[in-house]
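Now for the letters of each chain:
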Amino acid sequence: MVQLTQSPVESLIAEQRAFFATGKTRSRDFRRTQLLRLQQAIETHEAKITTALQADLGKPAFEAYATEIGPTKEIRYALKHLKRWMHPQKIPVPMSLQPGTAQRYPEPLGVVLIISPWNYPFYLGILPLVGAIAAGNCAILKPSELSPNTSEILTQIISTTFESDYISVIEGGVDTSQALLDQKFDHIFFTGSTHVGRIVMQAAAKQLTPVTLELGGKSPCVVDADIDVSVTARRIAWGKFINAGQTCIAPDYLLVDAKIKSDFLAALKQTLGKFYDDEPKASPDFARIVSDKHFQRLADLITGDVVIGGETDGRDRYIAPTVIDNVTPDHPAMGDEIFGPILPVLTYETLDDAIALINQRPKPLAAYVFSNNRTVQQRIQHETSSGGLCINHTVLQAAVADLPFGGVGDSGIGAYHGKASFDVFSHYKSVLKKPFWLDMSLLYPPYGDKLKLLKKLM
């Protein structure tokens, strides 16, 4: 593992720049080989990855695979489409510039920095790395210090699979992040909070380094009266309480039509009983909060009309799946993104009221609407703004490789997944090629009376 002082950081970046300059990363065969090696390493270390995730977050083995290990099979998607992604794109050339050909040529950026978070510490480190490798870059991955066991297995996988002058992991805390951000990279890919995203963007601005910021926000979930109540409760409960609510696109608060709120809350309570029995703390299927600091922050939010859950245990960093009814916009849980197993419920009388409340807040990473009514679906889609929208389910929009994933406004800059991951780590060079024959004199002085002809051609 690389040492944590600034001098080795500078040395590592220099080594990666030297390796990138050799041109080896540019060939398709090289990129394919590295993706295959990464895929094999993940398969080999699957049991260790699962153990690390359980140690860091109490993740059940099912969730570890479903939300962290399994989705990295997007490597297969990249391998399948890499040839097409790398192929130059033909661009039409206007008549006035004929003869000639134009292309957009994807080329790698160089040395990139990936800063990954603690909530899905394996998946959100590996997935951007897949894009960086597919696009032909060298990369440094900085995982979160709040998930040390997963950071350790990431280091083990990367260090035994790649040479450090190509791909490397640097572990450490805030000081390490700052040491990295003080350096010049060709791109910075950050996943985390909006607050830290601002710090990353400020540091990048000093170096004129482009950034991709995958942030978060308070993702609203509108529950219309025209629904299947039991299915809606089940899908919302799953999306909210998987990983103990520590998901950037989890429903952050509900806006429930007053006409069905009572029935919906009853169905939600019944659903949670089926998911985790009457004692979620004893369930092998419910995760834990990542740190004491985050536990205390979340515990302080549990106030008001708690209709489900509310139990906490600091020694185990356990917070029960909790639902708070009759919440108002000034409730503590309606401030920053919750990022935990606490679900505030607000009531609306008209859809106009729900849309107005959503639009009063910063644009979220995700939005959800449950309704059989097409008009309701369309109004949420067209009258609110969010990074993504899922209708009649939660979270699953992130599982579609061809759907770019990213925020808007305070919830992020840029997008990735699938080809978007390749694009974010590529520069599309515009190339115009002209032959020597038919060199039109129209362009050159003396201009004389050529202006009339120029206006006709343009």
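Here the structure is shown first, and the text comes after it.
The structure presented is a predicted model; accordingly, all values stated were derived computationally and were not measured.

Conventions and cut-offs
- Residues numbered from 1 in each chain as written.
- Predicted model: local features only at pLDDT ≥ 70, side-chain atom pairs only at ≥ 80, totals over all residues.
- Heavy atoms only, no water.
- Helix = DSSP H or I, 4+ residues; strand = E, 2+ residues; numbered from the N terminus.
- Rg over C-alpha atoms; globule rule 2.2 N^0.38 Å.
- Buried < 20%, exposed > 50% of the residue type's maximum accessible area, 1.4 Å probe, protein only.
- Contact = heavy atoms within 4.5 Å.
- Areas by Shrake-Rupley, 256 points an atom, 1.4 Å probe, with all protein chains shown as cover.
- Lys, Arg positive; Asp, Glu negative; His and termini not counted.
- Charge placed at Lys NZ, Arg CZ, Asp CG, Glu CD.
- Pairing = 2+ DSSP bridges.
- Axes fitted to C-alpha atoms, helices over the stretch in contact; angles between N-to-C directions.

S.K.: Break down the overall build of the protein chain for me, with residues and values.
M.R.: Within the protein chain, the secondary structure is distributed over 16 helices and 20 strands. The globule rule puts the C-alpha radius of gyration for 458 residues at 23 Å, and the 25 Å found for the protein chain is close to it. Dimensions along the principal axes, computed over C-alpha positions, put the protein chain at roughly 85 × 55 × 40 Å. Looking at the protein chain as a whole, 53% of its 458 residues qualify as buried. Here the contacts in the protein chain between residues at least 6 apart in sequence split such that 72% fall between residues at least 24 apart. Of the roughly 20,900 Å² of accessible surface on the protein chain, a fraction of 55% belongs to carbon and sulfur atoms. Here the protein chain contributes 46 positive and 48 negative side-chain charges, whose respective centroids are spaced 12 Å apart.

S.K.: How would you sum up the sheet that holds strand β8 (residues 220-223)? Please name residues and give values.
M.R.: What the seven strands build is an open sheet, ordered β10-β13-β14-β9-β8-β15-β16; its pairing is mixed. Only two strands of the sheet have a single partner each, and these edge strands are β10 (305-308) and β16 (388-391). The mean inter-strand angle of the sheet, taken between neighbouring strand axes irrespective of direction, is 25 degrees. Examined bridge by bridge, strand β13 (residues 322-325) and strand β14 (residues 342-348) share three bridges and lie parallel to one another. Residue pairing in the sheet places isoleucine 324 in a bridge with proline 344 of β14.

S.K.: With reference to specific residues and values, describe the pairing of strand β7 (residues 211-214).
M.R.: Here β7 shows no split at all, with Val211 and Leu213 on one side and Thr212 and Glu214 on the other all buried. The sheet contact formed by strand β6 (residues 187-191) and β7 spans four bridges and is parallel. Looking at β7, one finds that isoleucine 188 is bridged to valine 211. Looking at chain direction, β7 and strand β18 (residues 412-413) are connected through two bridges and run antiparallel. When the bridges of β18 are listed, glutamate 214 appears paired with glycine 412.

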